[in-house]
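# Structural characterization, general
The primary structure of each chain is shown beneath.
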Amino acid sequence: MPVASNREITIGWPTVHHALPHPARASPPQRPGSPTSDVGDLTMDDPDFGSTLRSLHELAPSDIPDSLAGVAGRMGIYDLTAFLIDFEQSTLFPVPDRGVRVDSPIGVATEGTQEGQAFVERRLVESVGKDAITRICVPIIEGSDCTGVLAFTVGGPLDDQAHRRCEELGMLVGAAISIAARYTDMFNLVRRRRAMSLPASIQWDLLPPLRLWTPEASLVGVLEPAYDVGGDCFDHAVNGFLVDVAVMDAMGHGLGSSLLSSLAIESYRHDRREGQPLAVIHERLDKVLAENFGGEQFVTGQLARLDVQSGRLTWTNAGHPHPLHVRGDRVVGTLSCQPSWPWGLGGRLREEAEEHLQPGDSVVFYTDGVIEGRGPSGESFGIERFVDLIERATASREPADVILRNAINGVLDFQDRRLRDDATIVWLTWDHPRGA
């Protein structure tokens, strides 16, 4: 897939520049009479994000880039481009305007680029080029998820106040995309870089944000193969002091397994939203699948509930691999729970297990496609390789989403990038009780 290099590209938002140093120019565009700060040409007057948010409800989705570019221009920002991450979480693609095809092949890799660094590290990254021209990249934040990067140019270095304004602009773009994505396919198509199977499309529509963050806990999930996944899915929610997590793997492949997992996830969400205890959710899920699929199809998985005040984790297991327990940079074991029958086969819950986590502990849920994949020689990937990948990644102190991406890439490489089964990993961390 082509990746942008040191060249100027016109696509969608105003002129896009990739990589530094920035092409030399006499001076950035100026607004006559515009107040400027003493840091380059970035204005410090209030950009009035509130009125911009209000106006977003009256715009066509393809008009949103121009509206946000206008806000940026009033701040003294130019050469603005919004990038969204593709479904494989490997390449950032620019958001086009009404006159540009969304399937443009031009992308920016997450490795080795300023835009990629801002996305992976979830922070503002700046680079000063010729004539003190500064290229800024800030993460686009939608809730607790980072879905892309906003890249732009200013006429000089930034102080702390200007940094905050730039970060807030990334948050504004995230809010705009969240609003518009409910009634347009444009942003989904930017992220979709090749044909996606119908089962995969159903699964992605089912998924919650891949990242969740609260002051006390965080969660990251990854799902492969991104464009052809069928039966794997996961879900999560934060309600008060409880974080709920579900990981599921429907039998079979293709559309049938996708429909099976869809019913399983919606049954789980329904009862969770009704405030049901974990044991009740587990048993009702089994009943719903058995009644609708005649006891001939099933879903394996786990339901978990973390009390972020105490670190108490309760969980149930429906014929699924036991999750790993990570402490520091070591996998210290697996969490044990007597397995019940897979959902849909008419069995009852055998155990609701309990574990008391320590601050900083993580629990890694995964589907069997992670460890049961086989290489060209027929050898299974196995739990030992998976544990080794996790421990090497945690020792590097990389963020959880980078650890998961590296782990999935290890699984893919072992199988020559051709998964024979879906592979899903969900990484849940209890950071610390609030006020402790």
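Details of the structure are given in the entry above.
Residues numbered from 1 in each chain as written. Predicted model: local features only at pLDDT ≥ 70, side-chain atom pairs only at ≥ 80, totals over all residues. Heavy atoms only, no water.

## Describing the pattern of salt bridges
The line we're drawing: A carboxyl oxygen of Asp or Glu within 4 Å of a side-chain nitrogen of Lys or Arg is what we treat as a salt bridge. A run of H or I in DSSP becomes a helix once it reaches four residues, and a run of E becomes a strand once it reaches two; helices and strands are each numbered from the N terminus.
The tally for this structure, following the rule as stated, stands at 14 salt bridges. Residues Arg 123 and Glu 121 are paired through a salt bridge, measuring 2.6 Å at the closest nitrogen-oxygen approach. With a closest N to O distance of 2.6 Å, Arg 327 and Asp 361 form a salt bridge. One end of the pair, Arg 327, is in strand β15 (residues 324-327); the other, Asp 361, is in the loop between β17 (353-356) and β18 (362-366), and 34 residues separate them in sequence. One salt-bridge network, in which partners are shared between bridges, spans Asp 235, Glu 266, Arg 269 and Arg 272.

## Re the sheet that holds strand β13 (residues 299-307)
Just so we agree on the cut-off: Between any two strands, pairing holds if DSSP finds at least two bridges. Orientation is described by axes fitted as lines to C-alpha atoms, over the contacting stretch for helices, and by angles from 0 to 180 degrees between their N-to-C directions.
Spatial strand order, β11-β12-β13-β14-β17: five strands in an open sheet with antiparallel pairing. Taken across any chain shown, the strands that pair with only one partner, and hence form the sheet edges, are β11 (232-239) and β17. Between one strand axis and the next, the sheet turns by 15° as a mean value, whatever way the strands run. Direction of pairing for strand β14 (residues 312-318) relative to β17: antiparallel, over a ladder of four bridges. Along β17, the bridge assignment pairs Leu 313 with Glu 355.

## A closer look at the nonpolar core
The nonpolar side chains of a soluble globular protein tend to be buried, and buried together. The test is simple: For our purposes a nonpolar core is just a set of buried Ala, Val, Leu, Ile, Met, Phe, Trp, Tyr and Cys residues, chained together by side-chain atoms within 4.5 Å. Relative accessibility under 20% of the residue-type maximum defines a buried residue, over 50% an exposed one, and the middle range a partly exposed one, all with a 1.4 Å probe and only protein chains included. By definition, residues are in contact when any of their heavy atoms lie within 4.5 Å.
In this structure, Ile 77, Ile 136, Leu 150, Phe 152 and Leu 169 are the most contacted members of the largest nonpolar core, which totals 33 residues. Elements with a contribution of two residues or more to this core: α1 (49-56), α2 (64-74), β3 (78-85), β7 (134-142), β8 (145-154), α4 (160-180) and α5 (186-191). Of the residues forming this core, the biggest block, eight residues, is contributed by α4. The contacts of Phe 152, once residues within four sequence positions are left out, are Ile 77, Tyr 78, Asp 79, Leu 80, Thr 134, Arg 135, Ile 136, Val 138, Cys 166 and Leu 169. Membership of the second largest hydrophobic core comes to 31 residues, among which are Met 196, Leu 210, Leu 212 and Leu 223.

## A closer look at the sheet that holds β3
Sheet strands pair via backbone hydrogen bonds, and the direction of the pair is either parallel or antiparallel. Overall, antiparallel pairing links the six strands, which are arranged β5-β4-β3-β8-β7-β6 in an open sheet. Looking along the sheet, the strands with just one partner apiece sit at the ends: β5 (108-109) and β6 (125-128). The pairing of β3 with strand β4 (residues 91-94) spans three bridges and is classified as antiparallel. Across the sheet, Phe 83 pairs through a bridge with Pro 94, a residue of β4. Contacting β3, β6, β7 and β8, α4 crosses the sheet at an angle of about 45° to β7.

## Quick notes on the packing of α1 against α4
Inclusion rule: For classification purposes, angles smaller than 35 degrees are called roughly parallel, those larger than 145 roughly antiparallel, those between 65 and 115 roughly perpendicular, and all remaining angles oblique. For any pair of crossing helices, the crossing counts as left-handed if the nearer helix is rotated counterclockwise from the farther one by less than a right angle, and right-handed if it is rotated clockwise. Three categories are distinguished: nonpolar for Ala, Val, Leu, Ile, Met, Phe, Trp, Tyr, Cys and Pro, charged for Asp, Glu, Lys and Arg, and polar for the others, with Gly belonging to the last.
At a minimum axis separation of 10 Å, α1 and α4 run at an interaxial angle of 15°. Judged on the interaxial angle alone, α4 and α1 are roughly parallel. Of the two possible hands of crossing, α1 and α4 adopt the one that is right-handed. Between α1, through Phe 49, Thr 52, Leu 53 and Leu 56, and α4, the contact on the second element is made entirely by Arg 165, Glu 168, Leu 169, Leu 172, Ala 175, Ala 176 and Ile 179. Residue composition of the contact of α1 with α4, grouped by class: eight nonpolar, one polar and two charged.

## Focus on the layout of surface pockets
Test applied: Cavities and pockets were defined on a 1 Å grid built over protein atoms only: a cavity is a set of grid points that admits a 1.4 Å probe from which the probe cannot escape, a pocket is an open set flanked by protein on both sides within 12 Å along at least five of seven lines, and lining residues are those with an atom within 4 Å of any such point. Grid points are joined across faces, edges and corners, and a volume is the space filled by probe spheres set on the points.
The volume enclosed by the largest pocket comes to roughly 760 Å³. Together, 24 residues line the largest pocket, and Glu 142, Ala 181, Arg 191, Trp 204 and Leu 207 are the ones closest to its centre. Secondary structure elements with two or more residues in the lining of the largest pocket: β3, β8, α4, α5 and α6 (198-206). Empty space within the second largest pocket amounts to approximately 600 Å³. Around the second largest pocket, the lining is made up of 34 residues, and of these Gln 89, Ser 90, Thr 110, Arg 405 and Asn 409 lie nearest the centre. Taken together, the elements giving at least two residues each to the lining of the second largest pocket come down to α3 (114-121), β10 (217-224) and α11 (400-414). The element that contributes the greatest number of residues to the lining of the second largest pocket is α11, accounting for seven residues. Classifying every residue of the lining of the second largest pocket gives 14 nonpolar, 10 polar and 10 charged.

## Some remarks on the packing of aromatic side chains
Test applied: Between the rings of Phe, Tyr and Trp (Trp by its six-membered ring), a pair exists once the centres lie within 6.5 Å; its type follows the angle of the planes, with under 30 degrees stacked, over 60 edge-to-face, and the other angles tilted. Remark: a charge is flagged as sitting over a ring if the NZ atom of Lys or the CZ atom of Arg is within 6 Å of the ring centre and within 35 degrees of the ring normal.
Tallied over the full model, the rule gives three aromatic pairs. Judged by centre distance (5.1 Å) and plane angle (65°), the ring pair of Tyr 366 and Phe 386 falls under edge-to-face. Of this pair, Tyr 366 sits in strand β18 while Phe 386 is found in helix α10 (residues 382-395), placing the two residues 20 residues apart along the sequence. Phe 386 shares its class with Tyr 366; the two are buried. One cation-aromatic arrangement involves Arg 122 over Phe 119; the distance from NZ or CZ to the ring centre is 4.5 Å. When the ring centre of Phe 87 is taken as reference, the NZ or CZ atom of Arg 191 above it lies at 4.4 Å.

## Describing the environment of Arg 193
Within the element layout of this structure, Arg 193 appears in the loop between α5 and α6. A relative accessible area of 17% means that Arg 193 is categorised as buried. A C-alpha to C-alpha distance of 8.0 Å links Arg 193 and Phe 87, two positions 106 residues apart in sequence.

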